[in-house]
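# Coordinate analysis (summary)
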Amino acid sequence: MSDCLFCRIVTKEIPSSGVYEDDVCYAFRDINPAAPVHVLVVPKKHIGSLDEVSKADAAVVGHIMSVIPAIAASEGVAGGYRVVSNIGPRAGQSVKHLHFHILGGRDLSWPPG
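A short tour of the structure in this document, coming up. Residue positions within a chain follow its written sequence, with the count starting from 1. Restriction of local features to residues with pLDDT of at least 70 applies here, the model being predicted, together with a cutoff of 80 or more for giving and counting side-chain atom pairs; totals for whole chains, interfaces and linings are based on all residues. To get the side-chain values, take all heavy atoms of the structure and skip hydrogens and water.

Right, let's talk about the sheet that holds strand β2 (residues 25-29) for a bit. Judged by pairing direction, the sheet is antiparallel, and its 5 strands sit side by side in the order β1-β2-β3-β5-β4 without closing on themselves. Two strands bound the open sheet, and with one partner strand each, they are β1 (18-21) and β4 (81-84). Geometrically, the sheet is characterised by an average inter-axis angle of 20° between neighbouring strands, direction not taken into account. Here, strands pair whenever DSSP counts at least two bridges between them. Only DSSP runs of H or I covering at least 4 residues are called helices, and only runs of E covering at least 2 are called strands; the numbering of each starts at the N terminus. Between N-to-C directions, angles span 0 to 180 degrees; the directions come from axes that are lines fitted to C-alpha atoms, helices contributing only their stretch in contact.

Take a look at the structure:
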C-alpha cells in the first residue's frame, strides 16, 4: 500500500534503523522509543492489525513470533522484555499495519496503560 508508512519503510522508500530482515518480516528501531530497547517488527505483507489476520496469514504471524526472541537476544534483552501489538486507535495503534513492539532494557511496570 503506497500510503502506508510501514509498507514504505519495508520497501526502503523511507529510511529506518533496521535490526533484522528476512523474506517475511522487517524489524527496525522505533523513532520515538518508550524504553531503552524499542524495536518494531512488521510483516512485509500489509495486514492492518491482528483483527485482520486471516487463516492464510497464520504462518506470517507464527514466523514473526519465532524471530522475536532472536531479535530480543541480539538487542541484549533476552529473558526480560515485553511484546505488544495495539489494535485500533483506542489502544494506541497509530499506523494501520500489523506490528509488534519489543520493549526492554529497563524494568517495565504493570499495568501498562
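Still more ground to cover, so stick around.
This brings us to the pairing of strand β3 (residues 37-43). The cut-offs for exposure are 20% and 50% of the maximum accessible area for each residue type, with area from a 1.4 Å probe on protein chains only; residues under the lower value are buried, those over the upper are exposed, and the others partly exposed. With respect to burial, β3 is a largely interior element, 7 of its 7 residues being buried. Alternating positions in β3 separate into two faces, Val37, Val39, Val41 and Pro43 on one and His38, Leu40 and Val42 on the other, with burial throughout. By the bridge criterion, 5 bridges tie β2 to β3 in an arrangement that is antiparallel. Pairing of Phe28 across the sheet is with Leu40, part of β3. Pairing of β3 with strand β5 (residues 100-104), which is carried by 5 bridges, proceeds in the antiparallel orientation.

What follows deals with the side chain of Asp22. Here Asp22 lies in the loop between β1 and β2. Although Asp22 is buried, it forms no salt bridge, and the closest oppositely charged side chain is Lys44 at an N-O distance of 5.8 Å. Under this definition, polar contacts are N or O atom pairs within 3.5 Å; protein pairs additionally need one hydrogen-donor-capable and one acceptor-capable atom, and for neighbouring residues in sequence, both atoms have to be side-chain atoms. Reaching out from Asp22, the side chain makes a polar contact with the backbone nitrogen of Cys25 at a distance of 2.8 Å. Residues contacting Asp22, with those up to four places away along its chain left out, are Lys44, His63 and Val67. We count Lys and Arg on the positive side and Asp and Glu on the negative side, and we leave His and both chain ends out. The working definition used for a salt bridge is a side-chain nitrogen of Lys or Arg within 4 Å of a carboxyl oxygen of Asp or Glu. We call two residues contacting when some pair of their heavy atoms lies within 4.5 Å.

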